[in-house]
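# Results of the structural survey
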Amino acid sequence: MRVLVVEDERNLADAIARGLRKRGMAVDVAYDGDAGHEAAFVTRYDVVILDRDLPGVHGDRICADLAASGTLTRVLMLTASGTVADRVEGLQLGADDYLPKPFAFDELVARVQALGRRATPAAPPVLALADLALDPARRVVTRGGVPVDLTNKEFGVLAELLKARGAVVSSEELLERVWDANTDPFTTIVRVTVMTLRKKLGDPPLIETVVGAGYRTAEVSA
C-alpha cells in the first residue's frame, strides 16, 4: 500500500511514517500544503493522511481537489478539532474518514488499512495461485500449507503480482506501488527482490520475467 502523510508537525509526521513503514506500507511525507498538493497529484496513492490546517495550500483545498479529480485515492483527514460540525464539514469536502487529534496509533493504522482496501478494485480476501496463498489482512504467505517467511518488500511485490492475475507488471509499477519516493528510480532493487522472492517460493517457479516488460505470475499446470 502506498501512503502519503501531509502534516506540518514534523515529529508527528515522521512518527506516523515510521509506524506505517513497520506495518509494511510505502510512505512518503510532505510537511506543508504546497508539497502535499503536488505529491498527491504526481503519484497515485492508496491513502492520503491529511492534516486539515496546513501552511501553504490548505488541507481543505487538497481534499476537495482530490475528490473532484475522480481519483481512487482515499483521504483520512486529521485535525485538532473534533467537533461534530468539523467532522461533517470535512466529510462534505470529500474526505473518506476523519480522525481528531490526539489519536491512538493502532486506530490510525486500522483506518488506513480499511481505506486502502477501498482504494483498489476488490480482490479476494486471500490471493491464491496453485498451492500458494497470500493473506493480506494477516500478512501470511504459505505454499503447500507451509509458511513462507518474506520481508515487507517481498510480500508487497508478490501481492501486486497476484492481484494482476497474470498481467505483466513493470519494474516501474512495482517500484511505485511497493517502495517510497526516496528510492532511486535507477536502482536494481526490484530485480534483486524478485530474485530472492523466487528462491523463497521454491519450485515450480511462480514468477516469470517478461524481457523488456516486467514480471507476471506463471501458469502452473494442475
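Small disclaimer: the values here were computed from a predicted structure and weren't measured.

### Topic: the packing of aromatic side chains
In the structure shown here, the tally under the stated rule is zero aromatic pairs. Over the ring of Y31 we find R10; its NZ or CZ atom is 3.9 Å from the centre of that ring.

### Comments concerning the sheet that holds strand β1 (residues 2-6)
As summarised here, the arrangement of the five strands in space is β2-β1-β3-β4-β5, forming an open sheet in which the pairing is parallel. Two strands in the sheet have a free side with no partner beyond their single neighbour: β2 (26-30) and β5 (97-100). Neighbour to neighbour, the strand axes of the sheet diverge by 20° on average, direction disregarded. Where β1 and β2 come together, five bridges link them in parallel fashion. Each bridged residue has a counterpart across the sheet, and for L4 the counterpart in β2 is D28.

### What to know about the domain arrangement of the protein chain
When the domains of the protein chain are assigned, the result is domain 1 (2-119) and domain 2 (127-217). Using only C-alpha atoms to locate each centre, domain 1 and domain 2 end up separated by 27 Å. Of the residues lining the interface, eleven residues belong to domain 1; the matching set on domain 2 comes to ten residues. For the pairing of domain 1 and domain 2, the buried interface totals around 770 Å² over both sides, and the portion due to carbon and sulfur atoms is 33%. Of all residues in domain 1, R2, G24 and A26 bury the most surface against domain 2, accounting for 48% of the area lost on that side. Every element with two or more residues in the side of domain 1 that touches domain 2 is listed here: α1 (10-22) and β2. If one sorts the elements of the side of domain 1 that touches domain 2 by residue count, β2 sits on top with three residues.

### A closer look at the packing of helix α6 (residues 152-164) against helix α7 (residues 171-178)
Packing of α6 against α7 leaves a shortest axis separation of 10 Å and a crossing angle of 125°. If you check the angle between α6 and α7, you find them oblique. As for how α6 packs across α7, the hand of that crossing is right-handed. The segment α6 lies against α7, with K153, G156, V157 and E160 engaging L174, R177 and V178. Of the residues contributing to the contact of α6 with α7, the split by class is three nonpolar, one polar and three charged.

### Let's talk about helix α8 (residues 189-201)
Helix length check: α8, at 13 residues, gives a terminal C-alpha distance of 18 Å against a target of 18 Å (1.5 Å per residue), a fit within 8%. For α8, the elements touching its buried residues are β7 (132-135), β8 (140-143), α6, α7, β10 (207-210) and β11 (214-217). Downstream of α8 by one or two residues, G202 has phi in the positive range, about 80°.

### Side note on the environment of L127
Examined against the element boundaries, L127 turns out to sit in strand β6 (residues 127-129). For the pair L127 and V141, spaced 14 residues apart in sequence, the C-alpha separation works out to 9.4 Å.

### Observations concerning the nonpolar core
Grouped together as the largest cluster of nonpolar side chains are 25 residues, with contacts concentrated most on L134, V141, V157 and L158. Element by element, the count of residues in this core is highest for α6, at six residues. When near neighbours in sequence (up to four residues on either side) are disregarded, L158 contacts L132, L134, V141, L150, L197 and L201.

Definitions and cut-offs
- Residues numbered from 1 in each chain as written.
- Predicted model: local features only at pLDDT ≥ 70, side-chain atom pairs only at ≥ 80, totals over all residues.
- Heavy atoms only, no water.
- Phe/Tyr/Trp six-rings, centres within 6.5 Å; stacked < 30°, edge-to-face > 60°.
- Lys NZ or Arg CZ within 6 Å of the ring centre and 35° of its normal.
- Pairing = 2+ DSSP bridges.
- Helix = DSSP H or I, 4+ residues; strand = E, 2+ residues; numbered from the N terminus.
- Axes fitted to C-alpha atoms, helices over the stretch in contact; angles between N-to-C directions.
- Domains from an automatic or database assignment.
- Contact = heavy atoms within 4.5 Å.
- Buried area = accessible area lost by both parts, 1.4 Å probe.
- Parallel < 35°, antiparallel > 145°, perpendicular 65-115°, else oblique.
- Left-handed = near helix turned anticlockwise from the far one by under 90°.
- Nonpolar A, V, L, I, M, F, W, Y, C, P; charged D, E, K, R; others polar.
- Expected span 1.5 Å × (residues − 1).
- Core = buried A, V, L, I, M, F, W, Y, C linked by side-chain atoms within 4.5 Å.
- Buried < 20%, exposed > 50% of the residue type's maximum accessible area, 1.4 Å probe, protein only.

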